Structures are given as structure tokens and as C-alpha cells.
Amino acid sequence: MKIRENVPISKLTTMRLGGKARYVIEIEEDKDLAEAYHFAAEKKLPTYILGSGSNVIGRDGGFKGVVFVNKLHGIYVIDSDPDRIRLCAKSGELLDDLVEYSVKLWNGESYGYSGIEALSKIPGTVGAGPVQNVGAYGQEVKQTLHSVCVYDCRDNCFKHMMADELDLGYRHSIFNTGDGVGRYFITSVTVELHKHWLKPPFYTSLQAYFDERGVKEFTPQVVRDAVAEIRAGKLPDPKDFASSGSFFKNIYLNKKQTKEAKAKGIPVWDGGKVPSGWLIENAGLKGKEFYGMRVSDKAALILINESAKSYADLAKARQAVIDIVYEKFGYTLEQEPMELGDE
Ligand code: EPU
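Counting starts from 1 at the beginning of each chain's written sequence and moves along it residue by residue. Predicted model: local features are reported for residues with pLDDT of at least 70 only, side-chain atom pairs are reported and counted for 80 or more only, and whole-chain, interface and lining totals are derived from all residues. Note that water and hydrogens are dropped before the side-chain values are worked out from all heavy atoms of the structure.

Draft legend 1. Structural detail: the domain arrangement of the protein. Domain boundaries shown here were taken from an automatic or database domain assignment. What the domain assignment reports for the protein is domain 1 (2-70), domain 2 (75-194) and domain 3 (243-340). Placing a centre on the C-alpha atoms of domain 2 and another on those of domain 3 gives a separation of 28 Å. Any two residues having at least one pair of non-hydrogen atoms within 4.5 Å are treated as being in contact. With four residues of domain 2 at the contact, the number on the domain 3 side is five residues. For the pairing of domain 2 and domain 3, the buried interface totals around 420 Å² over both sides, and the portion due to carbon and sulfur atoms is 55%. A pairing counts as a salt bridge when a side-chain nitrogen of Lys or Arg comes within 4 Å of a carboxyl oxygen of Asp or Glu. Along the contact surface separating domain 2 from domain 3 lie one salt bridge. Polar contact is the term for a pair of N or O atoms within 3.5 Å; when the atoms are in protein, one must be able to donate a hydrogen and the other to accept it, and sequence-neighboring residues count only if both atoms are side-chain atoms. The tally of links from domain 2 across to domain 3 stands at two residue pairs in polar contact (both at pLDDT 80 or more). Throughout this entry, Asp, Glu, Lys and Arg are counted as charged residues, while Ala, Val, Leu, Ile, Met, Phe, Trp, Tyr, Cys and Pro are counted as nonpolar. The remaining residues, Gly among them, count as polar. A breakdown of the residues in the side of domain 2 that touches domain 3 according to their chemical character gives two nonpolar, one polar and one charged. When two parts are put together, the accessible area they lose, computed with a 1.4 Å probe and summed over both, is reported as buried area.

What follows is the structure, encoded as C-alpha cells:
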């Protein structure tokens, strides 16, 4: 178990902002967890779990606590029958590596199991998947999640939890709400995949991609490659640009609100989703820069840190976007990534 001191959060997160974390511990094996939580408890310090830092923004005051960086690795087939398979991945694996593994597995007839192929190229670890029920291009973790193993730092023991105990919703779970925040370290995730290919209709932009190219065979690999190409065209790679993916959540309306929005010409998708990217773009903000943060010119839901010096700059930029969108459309945007540390 490696312990480092006074590590800038900006170096651990893809938005590249934030002051120092007092301690950082790399968790390499499950058995490190009891010792790591004991270390924090002895020092009476709070803890925070980071995967690859692609959905967490560091604040300027730093974190007077212990950051656990998840380095748990391994992907295993744990159960299969002719139609389906269960894969267990340690939570520090990259989600995209699990997807890659699943689309290349022989299923008895052809290569590839289906269920998570549309989650290709999402930056982030497997463990982050259930925390905010990661979703993209028509799939979300909830649809294939079987169970998770966690270390419960309240009861000081490992537990196995079934997917239906996790209250999974849009960017929501027991892990990011109420008493569950900070209580569990997810050590592994089990997904149940099947060998039947996905069928149209697909998520709008994916369907358009297939229609343009006349694609008719939707093997998991074909879907993975399509999603990878769509994402590469508009979502900044954290290696090249400092960002946290979608910076704002989409907005969900009830039936009455949907009617009112449609009457005003605002697009509302099935399930009452108003694409916040549309609101930001139609408020004239695409490509605009505020306090060193730029609204992506390819996908307006994304803020790119071009030259912001601090979290304070980001907070001012965030408020500018929220205010302009509110003034134009009357909706208050909410931030999607989580935050770490003191302002
Ligand atoms: N749109 C615009 N202008 C834009 C961007 C979007 O008008 O600049 C409108 C368009 O109507 C478009 C619609 O918004 O058809 C939806 O856009 P897109 O398919 O790009 O998805 P999104 O709603 O912006 C969500 C997730 C993404 C995920 C995509 C694809 C959230 C907060 N974001 O974005 O997840 O990749 O769907 O499924 O739900 C992330 O969470 O970090 C993330 C990237």
C-alpha cells in the first residue's frame, strides 16, 4: 500500500483543477482496504475514492483527508450458459477495457457478447459505472448490472449487493446519495451479457450513423466501432483536452412541463428529456469562453478547461452558462461531475 502526501488533485483528475490532497493511498488489492480505512480513522480524516478522475472536479482548498486511488485489476468470466455470460471486473479496470473484452469473447457461434457495447470509449473505471449509473447511446449500467462487491467502511466488512438494491436511476444510485456517500468502496462489478445482437431502432445519432452507411448487422463489435467513431468526433479525449465529459445533466420534465416546453419549440425526447446541449447551443454559447473555460464547439454540454487557473474560475464560468440559459429558456442547469475538496 503506497501512501503519498500533499498531492495536487489537479494531477489526479481530468479537469486538471484543484488544490492538494493531504494523503493519497493507492489501493492495489482488496486486503489494502481495511488498512487504508484504519489509517484514515486513526487520523480522524475523511476519505474519498477516485478512479481515473474523469468525473470529479477538484476544488481550490484541496482535500484535508485521504484519497484512495483505485488500482484493483482483473476481469474474469464467472458463469456462462449458451445464451448469456457473467463477467466480473475489478473496479479499477477501465470500463472501456471491459467493453473491449466482452465484444471479443467467443460466444459459441460468433465473437462478442452484447449489453455494454454502446458504453465504448467512456473515460473512467468500472467502479464508477454503478455510482452514477453511467449511460450512453441507449445503454446504461443498470440494464446489465448483476451485482457489486463492496467494502462497507461503516460496518468494516466486505458485502455483496444485488443490482436491485442500488436504487439505480439517471446518474443516480445509493452510492452518490444520502448515507451511501463515502460509505462503500466498490471492489468489483458483475455484469450479465447475452449473445443476441442489439436490434434497431438505436439512439438517434447511432441510428443516423448506421443509416448513412447502410449497416445491417449489429454485432457488438460493429456497435462498439460506431460509438467510438461518433464519440471521437465530438467528445474531447481527456488526454488531449482537460474536461470532465458532460458538464451539465440533461433536464427531465413531467407531462405538464413537457407540453409547455413543446409549445415553446423546445425539443423534448421520449421520457421527458430536454437535451441541455440543445439549450446551451441555442442560447448562443457553443464555442464561447468564460474565465478560461470554453463551451465545446462540437458538443455544447461539455466545458473544456483551456486556461482556467482555479476552481474559482470554473465556478464563475459555470454560473455564466447557467444564468444565460435560465434567462433564455427558464431552466436551471445542474452540474454533472462530482467535486472533491474545500472551496
Ligand atoms: N444537442 C445540441 N447541441 C449540442 C449537443 C447536443 O443541440 O451541442 C442536442 C441534440 O439534439 C442531440 C441531443 O442534444 O441530438 C443529444 O446529444 P448527445 O447525443 O450528444 O447526448 P447528450 O444528451 O448531450 C448524453 C450523456 C453523454 C452520452 C451521450 C450519448 C448526459 C449528461 N450526457 O449526452 O454522457 O455520451 O448522451 O448517449 O446524460 C457524460 O455523462 O459525461 C457523457 C458524455
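Draft legend 2. Examining empty space enclosed by the protein more closely. Using only the protein atoms, space was sampled on a 1 Å grid; points where a 1.4 Å probe fits but cannot get out form cavities, open sets with protein on both sides within 12 Å along at least five of seven lines form pockets, and lining residues are those with an atom within 4 Å of a point. Grid points are joined across faces, edges and corners, and a volume is the space filled by probe spheres set on the points. In total, this model carries one cavity of 30 Å³ or more according to the counting rule given. Here the largest cavity defines a volume of roughly 80 Å³. Working definition: helices are DSSP H or I runs of at least four residues, strands are E runs of at least two. Numbering for both runs from the N terminus. Those elements giving two or more residues to the lining of the largest cavity turn out to be helix 2 (95-103), helix 3 (128-131) and strand 12 (184-194).

Draft legend 3. Inspection of the pattern of salt bridges at higher detail. Taken as a whole and judged by the stated rule, the model has 32 salt bridges. A salt bridge links Glu 306 to Arg 294; its shortest N-O distance comes to 2.4 Å. In this pair, Glu 306 sits in the loop between strand 18 (302-305) and helix 8 (311-329) while Arg 294 sits in strand 17 (residues 293-295), placing the two residues 12 residues apart along the sequence. Classification of residues uses two cut-offs on accessible area relative to the type maximum, computed with a 1.4 Å probe and protein chains only: under 20% is buried, over 50% is exposed, and between them is partly exposed. For Glu 306, a relative accessible area of 37% corresponds to the partly exposed category.

Draft legend 4. Structural detail: the environment of Val 223. With respect to the helices and strands, the residue Val 223 is situated in helix 5 (residues 220-234). As for Val 223 and Leu 119, which are separated by 104 residues in sequence, their C-alpha atoms are 9.7 Å apart. Filtering out sequence-adjacent residues up to four positions away, Val 223 remains in contact with Glu 117, Ala 118, Leu 198, Phe 202, Leu 206, Phe 210 and Phe 218.

Draft legend 5. Geometry of the nonpolar core. Core analysis: the biggest nonpolar cluster contains 43 residues, and Val 148, Phe 175 and Leu 206 have the highest contact counts within it. If you list the elements that add at least two residues to this core, you get strand 7 (84-90), helix 2, strand 10 (145-152), strand 12, helix 4 (204-213) and helix 5. Per element, the largest residue contribution to this core is five residues, and it comes from strand 12. Throughout, nonpolar core names a set of buried Ala, Val, Leu, Ile, Met, Phe, Trp, Tyr and Cys residues whose side chains join them through atoms within 4.5 Å. Core analysis: the second largest hydrophobic core is formed by 33 residues, Val 268, Leu 303, Ala 320 and Phe 329 among them.

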